[in-house]
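Here are the chains, one letter per residue:
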Amino acid sequence: MTLRAVVKGVGHYLPDRVVPNAEFESLVDTSDEWIRSRSGIERRHFAAEGQTTSDLAARAARAALADAGLDPDDIDAVIVATSTADLTFPSAATMVQAALGMTRGFAFDVQAVCAGFVYGLANANALIVSGQARRVLVIGAETFSRLMDWTDRGTCVLFGDGAGALILEAAESAGSIDDRGILSVDLHSDGRHKNILYVDGGVSTGTTGHLRMEGREVFRHAVEKLAETAHAALDKIGLSGADVDWIVPHQANIRIIEATAKRMQVPMDRVVVTVQDHGNTSAASIPLALSVGRSRGQILPGNLVVTEAIGGGLAWGAVVLRW
Ligand code: ACO
């Protein structure tokens, strides 16, 4: 028997304010039609003034705890995947720990931008299979609206705020690919591509900074690398696109999602798509899509799910799990 990290609960939170594409028409030279046709985005949520990433994360965490029927002190570790933590330190994860009223366990952030949730799942899986934690709360939470340059039409129309959370629990398993839990992980990064996607602020500048992106270049890398990493993760366990029930991709652009599905030979009716409603919420996009996909009745127990993401770094990767 081996230890597997099995999904025990899922939940999400989206801020109240919904911003349709049309709102950007008075801000920059753009149109609802351009944003829809180039990205698939129709609307996104923006956090209220004073509402922070850890606030969104704690709400998503409470939803996942309720779904799992667990109390905060049943959790051994909290991992928050984010690039928009409230403060430089402490971590958003320790703030979530306090907000939930947790009096035990440990908490830390993972920073791999849009790939953050995939990296968070990989860390949670490692903690569980090595016996260091029995239950891990993995959260993706972002307030990317705080990083926007509102004069840059190439970026400000693409991002949104939100949070999603997943609880993983250790379970004894025979170790077959038919058993529930995380089955394989594939992670990569390549720091040589820093200049095509970054924030021009931080401790070195004394400012928060704004997101800068060469969209066309990121697009090119995304289409190539996402299918590659998803294939590699499936290949490690002897599976292929034909075995996949659901791709739950990072939600950056519908054209990237479609191109990746095509390369994996998975039809679009087996892809969970939320980009139209959320925009790109960076590390929050996959757990948001998992939670929405589950509540839509798309993702069912026993389904083979592939999550894949790419973001600043570049950092990318995929996780295959049986729900
Ligand atoms: N409205 C109208 N026109 C615009 C807008 C806008 N909002 N933004 C750009 N344009 C213009 C450009 O200026 C350009 O005009 P030009 O030809 O006169 O120079 C034209 O539209 C085409 O621009 P492209 O950048 O080539 O447009 P493209 O079809 O590539 O779409 C997009 C742009 C949506 C950004 C796309 O490249 C993309 O999705 N890239 C990947 C983004 C991504 O995946 N990010 C994931 C990681 S995010 C993270 O890690 C934080």
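As a reminder, the structure under discussion sits directly above these lines.
To keep things clear, this report deals only with the structure shown in the data block. Note that this is a predicted model, so its numbers are computed, not measured.

1. Quick word on the packing of helix α2 (residues 53-68) against helix α3 (residues 92-100)
Relative to each other, α2 and α3 sit at 55 degrees, their axes nearing to 9 Å. Taken together, α2 and α3 sit at an angle that is classed as oblique. In the crossing of α2 with α3, the sense of the turn from one axis to the other is right-handed. Of the residues in α3, those touching α2 at S54, A57, A58, A61, R62 and L65 are A92, M95, V96, A99 and L100.

2. Some points on the site of the ligand
Neighbouring the ligand are 26 residues; T30, R38, C114, R216 and N253 lie closest to it. For the ligand, whose unbound accessible area comes to 1,000 Å², protein coverage reaches 78%. Broken down by secondary-structure element, the contributors of at least two residues to the shell around the ligand are α1 (32-39), α5 (153-156), α6 (215-235), α7 (254-263) and β12 (304-311). With four residues, α6 is the single largest residue contributor to the shell around the ligand.

3. Thoughts on the pairing of strand β7 (residues 161-173)
Consecutive side chains of a regular strand alternate in pointing toward one face of the sheet and then the other. Of all 13 residues that make up β7, eleven are buried, and the element is covered over most of its length. Across eleven bridges, the pairing between strand β1 (residues 2-13) and β7 is antiparallel. Note on β7: the bridge partner recorded for V10 is L166. Relative to β7, strand β6 (residues 135-143) is paired through nine bridges, and the arrangement is antiparallel. Across the sheet, G140 pairs through a bridge with G164, a residue of β7.

4. Notes on the sheet that holds β12
In space, the four strands of this open sheet follow the order β8-β13-β12-β11, with mixed pairing throughout. Two strands close off the open sheet at either side, each with one partner strand: β8 (181-189) and β11 (246-249). Direction aside, neighbouring strands of the sheet carry axes that sit 15 degrees apart on average. Here β11 pairs with β12 via four bridges, running parallel. Looking at β12, one finds that P249 is bridged to E308. Helix-sheet contacts for helix α4 (residues 116-129) involve β8, β12 and β13 (315-322), and the interaxial angle to β8 is about 125 degrees.

5. Quick word on unusual backbone geometry
Along the chain, F89 connects to P90 via a cis peptide bond; the corresponding omega equals 5 degrees. Along the chain, the position of P90 falls in the loop between β4 (77-81) and α3. Across the junction of G313 and L314, the peptide omega takes the value -5 degrees, indicating a cis bond. Along the polypeptide, L314 turns up in the loop between β12 and β13.

6. Some words on the pattern of salt bridges
For the structure shown, the criterion picks out 15 salt bridges. A salt bridge links R43 to E42, with the shortest nitrogen-to-oxygen separation between them at 3.2 Å. Classification of E42 as partly exposed rests on a relative accessible area of 24%. R212 is the salt-bridge partner of D200, the closest N and O atoms lying 2.9 Å from each other. Note that D200 is positioned in the loop between β9 (197-199) and β10 (211-213) and R212 in strand β10, a separation of twelve residues in sequence. Residue class for D200 comes out partly exposed when judged on its relative accessible area of 31%. Each of D32, R36, E42, R43 and D277 takes part in salt bridges that share partners, so that together they form one network.

7. A few points about the packing of aromatic side chains
Taken as a whole and assessed by the stated rule, the structure comprises four aromatic pairs. Measuring from centroid to centroid gives 6.5 Å for F24 and F46, while their planes differ by 90 degrees, and the two rings are edge-to-face. In this pair, F24 sits in the loop between β2 (17-20) and α1 while F46 sits in strand β3 (residues 43-46), placing the two residues 22 residues apart along the sequence. Given the relative accessible area of 3%, F24 is considered buried. Seen from their ring centres, F106 and F108 are 6.4 Å apart, and the 5 degrees between their planes marks the pair as stacked. Aromatic rings pair up to connect F24, F46 and W150 into one cluster. Over the aromatic face of Y198 sits the side chain of K194, whose NZ or CZ is 5.6 Å from the ring centroid. Sitting over the face of the ring of W316, K225 holds its NZ or CZ atom 5.2 Å from the ring centroid.

Conventions we followed
- Residues numbered from 1 in each chain as written.
- Predicted model: local features only at pLDDT ≥ 70, side-chain atom pairs only at ≥ 80, totals over all residues.
- Heavy atoms only, no water.
- Axes fitted to C-alpha atoms, helices over the stretch in contact; angles between N-to-C directions.
- Helix = DSSP H or I, 4+ residues; strand = E, 2+ residues; numbered from the N terminus.
- Parallel < 35°, antiparallel > 145°, perpendicular 65-115°, else oblique.
- Left-handed = near helix turned anticlockwise from the far one by under 90°.
- Contact = heavy atoms within 4.5 Å.
- Near = heavy atom within 4 Å.
- Areas by Shrake-Rupley, 256 points an atom, 1.4 Å probe, with all protein chains shown as cover.
- Buried < 20%, exposed > 50% of the residue type's maximum accessible area, 1.4 Å probe, protein only.
- Pairing = 2+ DSSP bridges.
- Salt bridge = Lys/Arg side-chain N within 4 Å of Asp/Glu carboxyl O.
- Phe/Tyr/Trp six-rings, centres within 6.5 Å; stacked < 30°, edge-to-face > 60°.
- Lys NZ or Arg CZ within 6 Å of the ring centre and 35° of its normal.

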